[in-house]
Amino acid sequence: MSMYGRDPWGGPLEIAADSATDDDRSRNLNDFDRAALSRPLDETQRSWLLGPGEQKKKKYVDLGCIIVSRKIFVWTLGTLLAAGFLAGFITLIVKLVPRHHEPQLPPDNYTLALHKALMFFNAQRSGKLPKHNNVSWRGNSCTDDGKGPSWTLTKDLVGGYYDAGDAIKFNFPSSFAMTMLSWSVIEYSAKYEAAGELNHVKEIIKWGTDYILKTFNSTADTIDRIAAQVGVGDTSDGNTSPNDHYCWMRPEDIDYLRPVTDCHGCSDLASEMAAALAAASIVFKDNKAYSQKLVHGAGTLFAFGRAQRGRYSDGNEAAIFYNSTSYWDEFVWGGAWLYYATGNSSYLQLVTNPTLAKHAGAFWGGPDYGVLSWDNKLAGAQVLLSRLRLFLSPGYPYEEMLRTFHNQTSIVMCSYLPFFTSFNRTKGGLIQLNHGRPQPLQYVVNAAFLATLFSDYLEAADTPGWYCGPNFYSTDVLRDFAKTQMDYILGKNPKKMSYIVGFGNHYPKHVHHRAASIPKNKVKYNCKGGWKWRDSSKPNPNTIVGAMVAGPDKRDGFRDVRSNYNYTEPTIAGNAGLVAALVALSGDKSYGIDKNTIFSAVPPMFPTPPPPPAPWKP
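Residues numbered from 1 in each chain as written. Predicted model: local features only at pLDDT ≥ 70, side-chain atom pairs only at ≥ 80, totals over all residues. Heavy atoms only, no water.

In the annotation of an unreviewed UniProt entry, the protein chain is listed under the name Endoglucanase and assigned to Kalanchoe fedtschenkoi. Within the UniProt record for the protein chain, the comment given under Sequence similarities (unreviewed entry) is "Belongs to the glycosyl hydrolase 9 (cellulase E) family." Of the comments in the UniProt record for the protein chain, the one headed Catalytic activity (unreviewed entry) reads "Endohydrolysis of (1->4)-beta-D-glucosidic linkages in cellulose, lichenin and cereal beta-D-glucans." (UniProt positions renumbered as here; feature names shortened; annotations may be inferred.)

Next up, the structure:
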């Protein structure tokens, strides 16, 4: 009997019971094995043949924390090594391939001069100097200022800046200097940063404002006096008492008494000091505690100046050196800065009061109209308030006076141009803003700053120029005026010399400056002992880098002699205007002004909406 079944390899299989011998079965099995091995077997088939105990064993790698297949481990490791090799190869190629950089333009002359002009303030520091002052021939000086019997308020007036080539600290021009520096930082902080000088100029300002805060009770809400001056310099009537003008000494060697002059009715000084603190509070707005301290001090000073009317120079020696002609311009100037610093509209109401503007001279000309200086701030105040109209346009009730200030600013800008005859010019092209009187450069740099700044204001307001009568002038004309004046100071003049010490190859070597003219040789020269250095014909042993001297005469002439301060003496008020003009013109014009920082504290101004339309009737 035969049985039929299905061959597991695909064909019928006949099984005959007991019909074959053992040899036949063995032969058949051999034939089966050869047939089975002659074709490839899949995994299931191999498992059937091999059986469970004969399966192929996989290999593993024990990594301690995990066991992985050796095949996976090898592939992973190989992939990582290949990726690392490829990354290294690409990096090597990038480093070896030559790069084609755009050549970096060298700094312009205004930027180069800016670095030096700021160094002058380091040389003028009084008190205990910081370690990084970087003026090797200067040291600690006048560390007893304020301790004399003439000043009893704080007993500490150490610090601040010496005014010029002497060691007197005149608070009126030095406060103006700090205001100008702060204004330039507020408008052109990006340019300072590009030049690498932002931290330096802020440090200079803080050195000045820290000292101003010492000159009155800055924590009080009301005060009745402020310090106006430290040291004296009157040598009239044959006075031979040792003082800061009679003696020719390094500040470090001063051993004579330095009296303090205070004042009770000094509206001009108090308002200028208020302007300095208010402007600086915007510069330091990121330091909230210090900024608020400055704002509080500014408010206290301005209130004192408004309440105690008078000129600070009345009846004292300041009238000889820094006589103030009026305090009304300081009211407009200080009030404008306090408005920007606080956003308090009462200050804006004050400075746009027509009566105040009239007293400040906003409606009439005169020979010195439009000349910004330590004495007259009107031109600066009008530019500052024109800014408000151009960018915020507050409207009623301020618009009428702001428009007047804007129009007057336009007239001042016209007067700077060579097409008009408001001011003469030397044959070399220097504008005579002080009408041929000595020490012209301090006025020129202030005008160059205002012209550049107003030009930048107009451009930021998308205004291509302004009118002088029927004629329209481009903003480029203002910038060209500023450049020609600053280029004259930097060396493009008939003398072919730079009036900034250390800039260029030809500059004044006999600067009227006590500390610069006496060598640092460990010899202490007394009051008269230093006269030999004053009268020496040799160049100063110390280079007072960045000092802008008083300047040439009205015929472009200049005498490089130490004894004539009208040619060779620098001042911090003059150098502040110099720094402001240089940074305004420096670098890439595309930087422009910072439109918003000055308005940080000013609340949003929403114009009064028009009345609703009348109800519609058919």
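From this point, things continue past the structure.
## Some words on the overall build of the protein chain
Helix and strand content of the protein chain: 20 helices and nine strands. By residue count, 50% of the 618 residues in the protein chain fall in the buried class. In the protein chain, once contacts between residues fewer than 6 apart in sequence are set aside, the share between residues at least 24 apart is 72%. Split by element, the accessible area of the protein chain, about 30,800 Å² in all, is 56% carbon and sulfur. (Helix = DSSP H or I, 4+ residues; strand = E, 2+ residues; numbered from the N terminus. Buried < 20%, exposed > 50% of the residue type's maximum accessible area, 1.4 Å probe, protein only. Contact = heavy atoms within 4.5 Å. Areas by Shrake-Rupley, 256 points an atom, 1.4 Å probe, with all protein chains shown as cover.)

## Here we look at the side chain of Glu-317
Among the structural elements, Glu-317 can be located in the loop between α8 (288-307) and α9 (318-321). Buried and unpaired, Glu-317 has Arg-258 as its nearest opposite-charge partner, separated by 9.9 Å. Of the polar contacts made by the side chain of Glu-317, one reaches the backbone nitrogen of Gly-233; its length is 2.9 Å. Aside from chain neighbours lying at most four places away, what touches Glu-317 is Gln-229, Gly-231, Val-232, Gly-233 and Asp-234. (Lys, Arg positive; Asp, Glu negative; His and termini not counted. Salt bridge = Lys/Arg side-chain N within 4 Å of Asp/Glu carboxyl O. Polar contact = N/O pair within 3.5 Å; in protein donor to acceptor, adjacent residues only side chain to side chain.)

## Considerations on the pattern of salt bridges
Close approach of charged atoms allows side chains of opposite charge to pair. Counting across every chain of the model gives 21 salt bridges. Residue Arg-125 is joined to Glu-203 by a salt bridge in which the shortest nitrogen-to-oxygen separation is 3.2 Å. Here Glu-203 lies in helix α6 (residues 198-214) and Arg-125 lies in the loop between α4 (109-123) and β5 (169-170), a separation of 78 residues in the sequence. Residue classification places Arg-125 among the buried positions, given a relative accessible area of 0%. A salt bridge links Asp-262 to Arg-225, with the nearest nitrogen and oxygen atoms 3.1 Å apart. Here Arg-225 lies in the loop between α6 and β6 (226-230) and Asp-262 lies in strand β7 (residues 260-263), a separation of 37 residues in the sequence. Given the relative accessible area of 25%, Asp-262 is considered partly exposed. Linked by salt bridges that have partners in common, Asp-145, Lys-169, Asp-244 and Arg-258 make up one network.

## Remarks on a nonpolar patch on the surface
Taken together, Phe-85, Phe-89 and Ile-93 make up a surface patch of nonpolar side chains, about 330 Å² in accessible area. Position of Ile-93 relative to the elements: it lies in helix α3 (residues 70-96). (Patch = residues over 30% accessible without salt bridge, like charges linked within 9 Å, V, L, I, M, F, W, Y side chains within 5 Å.)

## A closer look at the UniProt feature "active site" (unreviewed entry) in the protein chain
The sites that carry the UniProt feature "active site" (unreviewed entry) are, in the present numbering, His-512, Asp-560 and Glu-569. For the annotated residues, spread through 58 residues, the largest C-alpha to C-alpha distance comes to 10.2 Å, consistent with a single compact locus. Of the annotated set, the members that line the largest cavity are Glu-569. Relative to the helices and strands, His-512 is located in the loop between α16 (475-490) and α17 (514-517). Classification of His-512 by relative accessible area gives buried; the value is 10%. Setting aside residues no more than four positions away along its own chain, His-512 makes contact with Gly-165, Trp-248, Arg-562, Ser-563, Tyr-565, Thr-568, Glu-569 and Pro-570. (1 Å grid on protein atoms, 1.4 Å probe; cavity = no way out; pocket = protein on both sides within 12 Å on 5 of 7 lines; lining within 4 Å.)

## Observations regarding the sheet that holds β7
On the basis of which strands lie adjacent, the open sheet formed by three strands has the order β5-β6-β7 and antiparallel pairing. Edge positions in the open sheet fall to β5 and β7, since each of these has one partner strand only. Relative to β6, β5 is paired through two bridges, and the arrangement is antiparallel. In the strand pairing of β6, Lys-169 is matched with Val-230. (Pairing = 2+ DSSP bridges.)

## A word on the nonpolar core
Looking at soluble globular proteins, one finds that nonpolar side chains tend to be buried together. Membership of the largest hydrophobic core comes to 158 residues, with the highest contact counts inside it found for Trp-183, Ile-226, Trp-337, Tyr-340, Phe-449 and Met-486. It is helix α15 (residues 441-460) that contributes the most residues to this core, 13 residues altogether. Apart from the residues within four sequence positions on either side, Trp-337 is in contact with Thr-179, Trp-183, Ile-186, Ala-275, Ala-278, Ala-279, Ile-282, Leu-384 and Ile-598. (Core = buried A, V, L, I, M, F, W, Y, C linked by side-chain atoms within 4.5 Å.)

## Notes on the state of the cysteines
The full count for this structure, using the stated rule, is three disulfides. Cys-247 shares a disulfide with Cys-527; S-S distance 2.0 Å. On the S-S bond that ties Cys-247 to Cys-527, the torsion sits near -95 degrees, and the link is left-handed. Taken as a pair, Cys-247 in the loop between β6 and β7 and Cys-527 in the loop between α17 and α18 (531-534) lie far apart in primary sequence, 280 residues in all. Here the two residues Cys-247 and Cys-527 agree in accessibility, since each one is buried. Between the sulfur of Cys-263 and that of Cys-266 lies a disulfide, 2.1 Å long from S to S. Where Cys-263 bonds to Cys-266 through sulfur, the torsion about that S-S bond is close to 80 degrees, and the disulfide is right-handed. This pair shows no difference in class: Cys-263 is buried, exactly as Cys-266 is. (Disulfide = S-S within 2.5 Å.)

## Focus on the confidence of the model for the protein chain
Chain-level pLDDT for the protein chain is 88 on average; 86% of the residues reach the 70-or-more range. A low-confidence stretch, residues 1-22 (pLDDT under 50), is modelled with 17 contacts involving residues beyond four sequence positions or located in other chains. (pLDDT = per-residue confidence, 0-100.)

## Overview of the environment of Ala-341
As for its placement among the helices and strands, Ala-341 is situated in helix α10 (residues 328-342). Placed 58 residues apart in sequence, Ala-341 and Val-283 show a C-alpha to C-alpha distance of 9.8 Å. Sequence-distant contacts of Ala-341, defined by excluding residues within four places in its chain, comprise Ala-278, Ser-281, Ile-282, Val-295 and Ala-601.

## Regarding empty space enclosed by the protein
A water-sized probe, rolled over the atoms, reveals where empty space remains. Under the defined criterion, the tally for this structure stands at four cavities of 30 Å³ or more. Computed from the structure, the largest cavity encloses a volume of approximately 70 Å³. Lining the largest cavity are Gln-439, Leu-441, Gln-442, Met-548, Val-549, Ala-550, Glu-569, Pro-570, Thr-571 and Gly-574. Of the residues in the lining of the largest cavity, the class split is five nonpolar, four polar and one charged. (Points joined across faces, edges and corners; volume = space filled by probe spheres on them. Nonpolar A, V, L, I, M, F, W, Y, C, P; charged D, E, K, R; others polar.)

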